[in-house]
Amino acid sequence: MPKALVVVESPAKAKTINKYLGRDFKVVASMGHIRDLPKSKLGVDVDDGFAPDYEEIPARKKVIKELRDAAKGVDTIYVATDPDREGEAIGWHLANELGKGRKVGRLFFNEITKTAVLNALKEERTIDLQMVDAQQARRVLDRLVGYKLSPLLWDKVRRGLSAGRVQSVALKLVCDRENAIDQFVSEEYWHLFARLAGQTPPEFDAKVVKRGKQALKVTTEAESKQVVSDLEGASFVVSGVAKKERKKQAPPPFITSKLQQAARFPVKKTMMIAQQLYEGIDLPGEGAIGLITYMRTDSTRVADQAITDVRAHIGERYGEPFVPEKARYFRKKADAQDAHEAIRPTGMQYDPETVRPHLTRDQYSLYRLIWNRFVASQMAPALFDDTTLEVEAGDYLLRTKGSIQKFAGWLTLYQAETPTEGEATGAPAASADAPGDGDDGATTDLLPALAKGDRLELRALDPQQKFTQPPPRFSEATLVKELEENGIGRPSTYASIIGVIQTREYAEKVEGRFRPTRLGRLVIDLLADSFKDILAVDYTRGLEEQLDKIEGGDADYRTMLGSFYEKFSADLGQAAETMPNIKIEGLPSDEVCDKCGSPMVMKVGKFGVFLACSAYPECSNTREVEPADQPAADAEPEACENCGKPMLVKRGRFGQFLACSAYPECKTTRKLIETKGGLTAAKPDQMLDEKCPKCESNLVVKQGRFGEFTACSNYPTCKYVKLKSTGVACPKDGGDVVERKSKRGRVFYGCDNYPKCDFTLWNRPLAEVCPTCGVPYLVEKITKRWGHQVLCDNEDCDYSRTEEAASA
């Protein structure tokens, strides 16, 4: 019978740890938190030192019973939850629940390996109550803001809205960026390049950077033509040649935020995959092995043994020139908690290619990224020979820079992520290539051998017209970067922050970037007037720093909460009196009711912001607010095909649609379909002379999410849909193999007798008999590597041929 019980959060982690411990230990999972603040009430006694009123989570009652049963008869309880504030708080709740009359120890490890787990047993700790206080302070802060602000929004705007302490700041960043885009005015500017040649090749481009002693700034075509005219008659002479060796050092190993930015997955998925790699992957002969260290960290610190191991690996795999003379250590960020190591592989014996057969594609992709970044971080720097060339032409100075790599160093293994234009800092710069950046010069790889005084031949002048660009909307990666740089939230909270602003429908993703909804902007505008502190980046950063001080024992969490709540409660009282009552009065707009002529006001309903007549209840006219991606207000409104009246944008349970303004006399409606260019009105249904083979009604051409299709006009009584035939007979029942689309819009091919027949193919079938095995059809497959191929679908047949072009 086991003498000790070890409690972790997840079954996967329990499985991995269980194999490292002997029969004297039993490892079980708590499935995360077992107690929390109640959902039905505030759960915080603000008059008694902000004491939290915890209760068992209803969904965990069965787990708690199983934990109690598992604890019977054991002498010791070991809490082995994650090594962060949240894990410490879970452990504290577990100790209170299971530790009565028993010894409770805390096992703390940064990686799930046999060595780390056994060392944790030798170095048993106690629950860190300062970390628990920091977690409780954060939880109470979030509860106070959420449960006090949300009812205010229910009362003033609409029931069901919510506001959060950190999420609201993140949403304000998104809204501020959108405001900057709306207010941006593009400016014209010009860059001028000269194509020059020396006595020996190659030719090269140089950029005009100065006129006299001033940086050149050209803003009109006329100015650019004047510069071109001046240069056409000038002599081009080399005025300076500067050469130097440049070292490019590898970036440090990943911290959480940098991993979220570099991975090709959404933030939430990145953390889910990292959790799987941390908790353990089944490897043949070894069982479950934790492949990476703990994935929620803000430290670039690496254990000395890990550095020794990776340096040995680099020497063996790449050679001694790639091993720097001294190990590399990275500077600690000023606000880093530094509780855990950087994210790295747990052992150099588990290289990505060795474990690849046992990983999913996504696990392999993320693990290889982590591996390469860590190994590269301890490799020798890349070396470049840089040459800066300056050329005088009359009153103008031209500049170009050449760079030749002479030693790849760490770049052999890892190419660091390069920020896209306008995203280098996440700041709302007008453009990464703005008019004031003229001193940088042109860049090239190779320059000819030149010396000061050499004359150059002008081959061509290339004036390039450009326009400043608005700051880009945030992607998930750049929003995480902005949150990190502003000290908002912590690595463990970024995924939930991004998730909440989307699930609340305060922001939406458009082509992978966040755009605030009208509802989101409205909520932020209302909160900004009454709760400037809550939405202020500096104030939120200050609260995070206070939480760090609580964890370090330098601040008291009750004092910190009291200071916060005194100001917050005063702002709540003020907002209750001064915040506009949109629910009753609405917000003024520039629109006029088309039925009674009264002003329209903006209100918030079940489906978002809409316009309502201010004369309600005498006039109950409502109208959808025109979406931002719809035509301008002065564009010609679309006419109803049945009565000729204008069509209006409305919103129903399935989203936006067009409806006739003559409703209820005319009930014509049309779908609005989401396309890359925004919302587009679906074409009117087109009746055909062709009859439905099932009910003899006319067929009609309709437009859906994935394009046009032909269906019975007697829908929903008859649900016949005409599908595109491939001309191939189904090999199972002789039916017709037709083109279909999956729920995600991907084309596949299947029998038209579905669901009676389940024959399907991903590749398009061709009505050709295989000349090798006699199968009655072949399939065509198009790939980047092999081009257009025609193959036999029989796994035992190797017939294939390459076609020059895809068939129609």
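Residues numbered from 1 in each chain as written. Predicted model: local features only at pLDDT ≥ 70, side-chain atom pairs only at ≥ 80, totals over all residues. Heavy atoms only, no water.

Draft legend 1. How the structure looks around the overall build of the protein chain. Helices and strands together make up the secondary structure of the protein chain, namely 18 helices and 40 strands. On the principal axes, the C-alpha backbone points of the protein chain span a range of 85 × 85 × 80 Å. Carbon and sulfur atoms form 48% of the exposed surface of the protein chain, whose accessible area is close to 42,100 Å². A distance of 4 Å separates the average location of the 117 positive side-chain charges in the protein chain from that of its 119 negative side-chain charges. (Helix = DSSP H or I, 4+ residues; strand = E, 2+ residues; numbered from the N terminus. Areas by Shrake-Rupley, 256 points an atom, 1.4 Å probe, with all protein chains shown as cover. Lys, Arg positive; Asp, Glu negative; His and termini not counted. Charge placed at Lys NZ, Arg CZ, Asp CG, Glu CD.)

Draft legend 2. How the structure looks around the packing of helix α6 (residues 165–183) against helix α14 (residues 494–503). Interaxial distance between α6 and α14 falls to 9 Å at its minimum, and their mutual angle equals 70°. Relative to α14, the element α6 is oriented roughly perpendicular. Judged by residue contacts, Val166, Gln167, Ala170, Leu171 and Val174 of α6 engage Ile497, Val500 and Ile501 from α14. Class assignment of the residues belonging to the contact of α6 with α14 gives a composition of seven nonpolar, one polar and no charged. (Axes fitted to C-alpha atoms, helices over the stretch in contact; angles between N-to-C directions. Parallel < 35°, antiparallel > 145°, perpendicular 65-115°, else oblique. Contact = heavy atoms within 4.5 Å. Nonpolar A, V, L, I, M, F, W, Y, C, P; charged D, E, K, R; others polar.)

Draft legend 3. Broad picture of the sheet that holds strand β22 (residues 599–605). With antiparallel pairing, four strands are arranged side by side in an open sheet as β21-β22-β23-β24. Since the sheet does not close on itself, it has two edges, and those belong to β21 (587–592) and β24 (622–624), each with one partner. For this sheet, the mean inter-axis angle between neighbouring strands, taken without regard to orientation, is 40°. As paired strands, β21 and β22 are joined by three bridges and run antiparallel to one another. Counted as the bridge partner of leucine 587 is methionine 602 from β22. Across the face of the sheet, helix α15 (residues 518–530) comes into contact with β21, β22 and β23 (608–613) while running at roughly 80° to β23. (Pairing = 2+ DSSP bridges.)

Draft legend 4. Here's a closer look at the pattern of salt bridges. If you walk through the whole model with that rule in mind, you get 48 salt bridges. Glutamate 88 serves as the salt-bridge partner of arginine 106, at 2.8 Å between the closest nitrogen and oxygen. Taken as a pair, arginine 106 in strand β8 (residues 103–106) and glutamate 88 in helix α3 (residues 85–98) lie far apart in primary sequence, 18 residues in all. Assigned by exposure class, arginine 106 and glutamate 88 land together as buried. Look at the salt bridges and you will find they share partners, linking Arg195, Glu203, Asp205, Glu457 and Arg459 into a network. (Salt bridge = Lys/Arg side-chain N within 4 Å of Asp/Glu carboxyl O. Buried < 20%, exposed > 50% of the residue type's maximum accessible area, 1.4 Å probe, protein only.)

Draft legend 5. Geometry of a nonpolar patch on the surface. A cluster of nonpolar side chains, Phe709, Val721 and Leu723, forms an exposed patch at the surface whose accessible area comes to about 200 Å². Structurally, the position occupied by leucine 723 is in the loop between β32 (721–722) and β33 (725–729). (Patch = residues over 30% accessible without salt bridge, like charges linked within 9 Å, V, L, I, M, F, W, Y side chains within 5 Å.)

Draft legend 6. Spatial organisation of the nonpolar core. Counting 69 residues, the largest nonpolar core has Leu149, Leu479, Leu483, Leu527, Phe531, Phe564 and Phe568 as its most contacted members. Take this core: its biggest share by element is nine residues, from helix α5 (residues 129–156). Those residues within four positions of phenylalanine 568 in sequence are excluded, and the remaining contacts are Leu144, Val145, Lys148, Leu149, Phe531 and Ile534. Counting 65 residues, the second largest nonpolar core, distinct from the first, contains Ala262, Tyr294, Ala342 and Leu366. (Core = buried A, V, L, I, M, F, W, Y, C linked by side-chain atoms within 4.5 Å.)

Draft legend 7. Region of the structure containing helix α10 (residues 304–318). Look at α10: 21 Å from first C-alpha to last across 15 residues, which is about the 21 Å you get at 1.5 Å a residue. The set of residues buried in α10 consists of Ala306, Ile307, Val310, Arg311, His313, Ile314 and Gly315. The secondary structure elements touched by the buried residues of α10 are α12 (361–377). Immediately downstream of α10, the backbone of glycine 319 shows phi near 105°, a positive value. (Expected span 1.5 Å × (residues − 1).)

Draft legend 8. Region of the structure containing the sheet that holds strand β39 (residues 787–792). Ordered by their spatial adjacency, four strands build an open sheet running β37-β38-β39-β40, and the pairing between neighbours is antiparallel. Here the strands that pair on one side only, and so sit at the sheet edges, are β37 (764–766) and β40 (800–803). Each strand of the sheet is rotated relative to its neighbour by a mean of 35°, with strand direction disregarded.

Draft legend 9. Looking closely at the environment of lysine 756. Position of lysine 756 relative to the elements: it lies in the loop between β35 (747–751) and β36 (760–761). Residue classification places lysine 756 among the exposed positions, given a relative accessible area of 83%. Residues lysine 756 and aspartate 733, spaced 23 residues apart in sequence, show a C-alpha to C-alpha distance of 9.4 Å.

Draft legend 10. Main features of the packing of aromatic side chains. Taken as a whole, this structure holds twelve aromatic pairs when the rule is applied. For the ring pair phenylalanine 759 and tyrosine 777, a centre distance of 6.1 Å and an interplane angle of 80° mean the geometry is edge-to-face. With phenylalanine 759 in the loop between β35 and β36 and tyrosine 777 in the loop between β37 and β38 (778–783), the pair connects residues that are 18 residues apart, well separated along the chain. Side by side, phenylalanine 759 and tyrosine 777 carry an identical accessibility label, which is buried. Here the aromatic residues Phe50, Phe531, Phe564, Tyr565 and Phe568 are joined through ring pairs into a cluster of three or more. For the cation-ring pair, arginine 143 lies above tyrosine 147, with the distance from its terminal atom to the ring centre recorded as 3.9 Å. (Phe/Tyr/Trp six-rings, centres within 6.5 Å; stacked < 30°, edge-to-face > 60°. Lys NZ or Arg CZ within 6 Å of the ring centre and 35° of its normal.)

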